[in-house]
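A structural walkthrough
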Amino acid sequence: MNTVPPVLSPPVLMPGLAELIDRVAERQRADFGHVASDLKADGSLITACDRWSDATLVEGLAGLFPGEGVLSEEGAKTVPRSQAYWVVDPLDGTTNFASGIPYWAISMARFEAGRPVLAVLDVPPLRQRIVAIRGQGAWRNGRPLSPPSHQIQAAECASLCSRSIGVLQKLPNQRFPGKIRLLGVASLNLVSVAMGQTVSALEATPKIWDLAAAWLVLSELDCPMRWLGRSPEAIAAGSDLSAADFPVLVADRPETLSRFMPWAEALNS
């Protein structure tokens, strides 16, 4: 029976995995402000640092966890057939990174039976690392995180992605129930709810690598989630997810989810 990868004591990652992420984060900080970008076929940006980060993480995980496949944004996008596998976004927020905006993340999650059991979201420019372990909780830089429903969020900020902001025009006679923020990083848009930074987040076209790590962090901190189309739960091995979107609404508590649902439903109207 598979188990979560070895930890010394939650949330300390096994040294090899921590060192791998440290190496990639350090390279990204060094490259920031000194990179040129290219356009991918889908119109999104990519840099040499994206490619290096992806190759380094995939190779490193293969050495640390032999036999466990890897699905990554810049590499293979087919769900591995191994019993446990990894989903990786080596540099989430490439547009920010390439534009000189110091906010991006390394997103990694280990899956078993179609669901994430270990998640790491590293934010290199802030030197912050969020770790979640299924059934054990979530931490930021070693400090346990509390569910946002236990906190008071006076600002009532809500995160939208650039592709979901159009819902505001679909409900012109209704006041949007939050102060809008666009962070430009899908994984961090979502996890901002778990961190208590926002009360809700709406992502229109996230890929599995955008949401894999944030999904577990949100789950461990009791944040309700509503899949607005296809669910990423228990996707069959061998599935090609290169073009699959998983629109989702997340919130800090059930009543907030209900308050924002009209805008989530407007995505497909």
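Model, not experiment: these values are computed from the prediction.

Let's talk about the sheet that holds strand β9 (residues 128–133)
Spatially, β5-β6-β7-β8-β9-β10-β11 is the arrangement adopted by the seven strands of the open sheet, whose pairing is mixed. Both outer strands of the open sheet, β5 (69–72) and β11 (143–144), are each paired with one neighbouring strand and no more. Two strands pair when backbone bridges link them, and strand β7 (residues 105–112) and strand β8 (residues 115–123) are joined in this way by seven bridges, in the antiparallel orientation. Considered in β8, the bridge of Ser107 is made with Leu121. Where helix α2 (residues 48–64) meets the sheet, it contacts β5, β6 (84–92) and β7, and its direction lies at approximately 160 degrees from that of β6. Across the face of the sheet, helix α6 (residues 208–220) comes into contact with β5, β6, β7, β8, β9 and β10 (137–140) while running at roughly 105 degrees to β8.

Things to note about helix α7 (residues 254–265)
When the terminal C-alpha atoms of α7 are compared, their 16 Å separation across 12 residues agrees well with the 16 Å that a helix rising 1.5 Å per residue should span. Turning to α7, its buried residues number three or more, namely Thr256, Leu257, Phe260, Met261, Trp263 and Ala264. Of the surrounding elements, those touching the buried residues of α7 are β12 (157–160), α4 (167–170), β14 (200–203), β15 (225–227) and β16 (248–251).

Rules used in this analysis
Residues numbered from 1 in each chain as written. Predicted model: local features only at pLDDT ≥ 70, side-chain atom pairs only at ≥ 80, totals over all residues. Heavy atoms only, no water. Pairing = 2+ DSSP bridges. Helix = DSSP H or I, 4+ residues; strand = E, 2+ residues; numbered from the N terminus. Contact = heavy atoms within 4.5 Å. Axes fitted to C-alpha atoms, helices over the stretch in contact; angles between N-to-C directions. Expected span 1.5 Å × (residues − 1). Buried < 20%, exposed > 50% of the residue type's maximum accessible area, 1.4 Å probe, protein only.

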